[in-house]
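Spelled out, the chains give:
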Amino acid sequence: MAATQQLEAEKQRPAPAKLARYTGEVVYIYAYDVAYEMTRQPVRELLGQPVAQFSVDASKRSPRHLFFYRPQMVRLPAQERIGPNGPVRMEPVVKLLPVGAISITIRVPFDVEHIEDLVAFHDLQFSNGSLNTEVRRLAEDVRRELAPYYVRPVAQLAEEEAYTVFCIDSPLTTEDGQTLSAETWLRSNRRSVASLLTQEPDIDHLSKQEAEESTGRYLSYYERDLVVVDWDAALLIDERRNFDEALYAMELANLQLAELEAYDRLLDDSLVRAYRDLSVRQMRGRSSILRELREIRIDLARFSDELSNITKFFGDWHLARIYENISARFHLADWHRTIDDKLRTLDNLYQLLNHDQSNRWMLILEWTIVLLFVIDLVILIFGVKAR
């Protein structure tokens, strides 16, 4: 009976209003860990293009003295490729971060009839390769050219951390010229949005629970704007001039995820190596292990400070809410806790080794004192006999 009533309710629900067109751009965000850190000297030119300072203005509610970390950036010339639906124009931008990372964004414009048509943009393929391959090649070129500016650069690039943002121009207008509020449109197209964010081409196969979960974290400031964030992709509806501020918050969160993963791998390797060296004493001395552990602790303390320094816009502001939602999707707090736990293990290991070494020195000192006492006693005895 309940199922029948639910079916009847579904039938009576008005069909979603059909929009005239969906226009905007897909923004692909890639983060790479390339070094321990970057030197403070400014980069004047990269890949033949001048390097500028990144800046963005907030259009939504924000602090009076708005703080944004402003990395160095370079806009590369637009490139034409042949995609699955015809010619594709790519606009690459590279940002240089002092934490030893680079962030590459690629903007690809679109003009489609249905929201489902954007699913094909998730894994963009060209006639001569894929977008992922081209971006990785670009990252390698950047890494090689900036090698003199890096401290302890990586031997080879690890897997990138990628995020896709579908930016739709606002206001949303129906075929008969009416303007829809962004939230009203989302309620009518929730399943389609969920299929877009989860890269599911068949909407009917997506459960209601998954649709609600994928679109559950959304924010709206004005009637015409909307941000829906998921684990692998996000949907942004706003005026085109306001895209950059929300995109930058997402870019920083994606960058943090890439750096946290990189340092988690570093901690894993350090702990495995430390345990191995402790079990096989002849391979390395305890002093060298202590020195390495001390350096790692200092490195990670600096890393944590640098990583926190690039997201100083927390509070009750719109961009902070966007960052809070996407960081929850990325489980950044869980990554921080995992790294903190490993750091505590590393610290305990360091303290244990340090205490053990101190005990060894104290034992050596005590035996030295005893030996000196014995020598002094022997000299005294033989001196008396000699008289």
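Before any of the text, the structure's been laid out above.
Residues numbered from 1 in each chain as written. Predicted model: local features only at pLDDT ≥ 70, side-chain atom pairs only at ≥ 80, totals over all residues. Heavy atoms only, no water.

Undergrad: For this particular structure, what's the right way to read the overall build of the protein chain?
TA: Secondary structure assignment for the protein chain yields nine helices and 18 strands. Counting all 387 residues of the protein chain, 45% fall into the buried class. Working note: accessible area of the protein chain is about 21000 Å², and carbon and sulfur atoms make up 52% of it. (Helix = DSSP H or I, 4+ residues; strand = E, 2+ residues; numbered from the N terminus. Buried < 20%, exposed > 50% of the residue type's maximum accessible area, 1.4 Å probe, protein only. Areas by Shrake-Rupley, 256 points an atom, 1.4 Å probe, with all protein chains shown as cover.)

Undergrad: Whenever I open this one, the side chain of Asn 242 confuses me. Can you help?
TA: Along the polypeptide, Asn 242 turns up in the loop between β18 (233-238) and α6 (243-279). We classify Asn 242 as buried; its relative accessible area is 9%. Of the polar contacts made by the side chain of Asn 242, one reaches the side chain of Asp 238; its length is 3.4 Å. (Polar contact = N/O pair within 3.5 Å; in protein donor to acceptor, adjacent residues only side chain to side chain.)

Undergrad: Hey, could you run me through unusual backbone geometry in this one?
TA: Residues other than glycine predominantly adopt negative phi, and peptide bonds predominantly adopt the trans conformation. In this model, Ser 170 is joined to Pro 171 through a cis peptide bond whose omega is 5°. Within the secondary structure, Pro 171 sits in the loop between β13 (161-169) and β14 (172-173). One non-glycine residue, Arg 152, lies in the positive phi region at around 50°. With respect to the secondary-structure elements, Arg 152 resides in strand β12 (residues 150-153). Even without being glycine, His 331 reaches a positive phi, approximately 60°.

Undergrad: Help me understand the nonpolar core, please; the structure alone is not making it clear to me.
TA: A general trend in soluble globular proteins is that nonpolar side chains are found buried together. Ranked by size, the top nonpolar core spans 52 residues in total, and within it Ile 104, Trp 185 and Leu 235 carry the most contacts. Top element by residues in this core is strand β9 (residues 101-112). It accounts for six residues. Counting residues in each nonpolar core, the second largest holds 31 residues, with Tyr 36, Ala 249, Leu 260 and Leu 319 among its members. (Core = buried A, V, L, I, M, F, W, Y, C linked by side-chain atoms within 4.5 Å.)

Undergrad: Help me understand the environment of Val 43, please; the structure alone is not making it clear to me.
TA: Among the structural elements, Val 43 can be located in the loop between β2 (35-38) and β3 (45-46). Here the alpha-carbon distance between Val 43 and Met 73, two residues 30 residues apart in the chain, equals 9.4 Å. Setting aside residues up to four positions removed in sequence, Val 43 forms contacts with Met 38, Val 51, Gln 72, Leu 96, Leu 146 and Tyr 149. (Contact = heavy atoms within 4.5 Å.)

Undergrad: Help me understand the packing of aromatic side chains, please; the structure alone is not making it clear to me.
TA: Note on aromatic pairs: each is described by the distance of the centres and the angle between the planes. Across all of its chains, the model carries six aromatic pairs by this definition. A ring pair is formed by Tyr 221 and Tyr 222, whose centres lie 4.8 Å apart and whose planes are at 90°; its orientation type is edge-to-face. Site record: aromatic cluster; members linked through ring pairs are Tyr 163, Trp 231 and Phe 330. Across the ring face of Phe 54, the terminal group of Lys 95 is positioned such that the distance to the ring centre comes to 4.7 Å. (Phe/Tyr/Trp six-rings, centres within 6.5 Å; stacked < 30°, edge-to-face > 60°. Lys NZ or Arg CZ within 6 Å of the ring centre and 35° of its normal.)

Undergrad: Looking at this structure, I do not really get helix α8 (residues 318-330). What am I missing?
TA: Note: α-helices contain 3.6 residues per turn, so residues at a spacing of three or four share the same orientation. Its 13 residues give α8 an end-to-end C-alpha distance of 19 Å, which sits within 8% of 18 Å, the value for a rise of 1.5 Å per residue. Counted residue by residue, α8 has ten buried out of 13 residues, so it is predominantly covered. The complete set of buried residues in α8 reads His 318, Leu 319, Ala 320, Ile 322, Tyr 323, Asn 325, Ile 326, Ser 327, Arg 329 and Phe 330. A positive backbone phi angle near 60° is found at His 331, which sits one or two residues after α8. (Expected span 1.5 Å × (residues − 1).)

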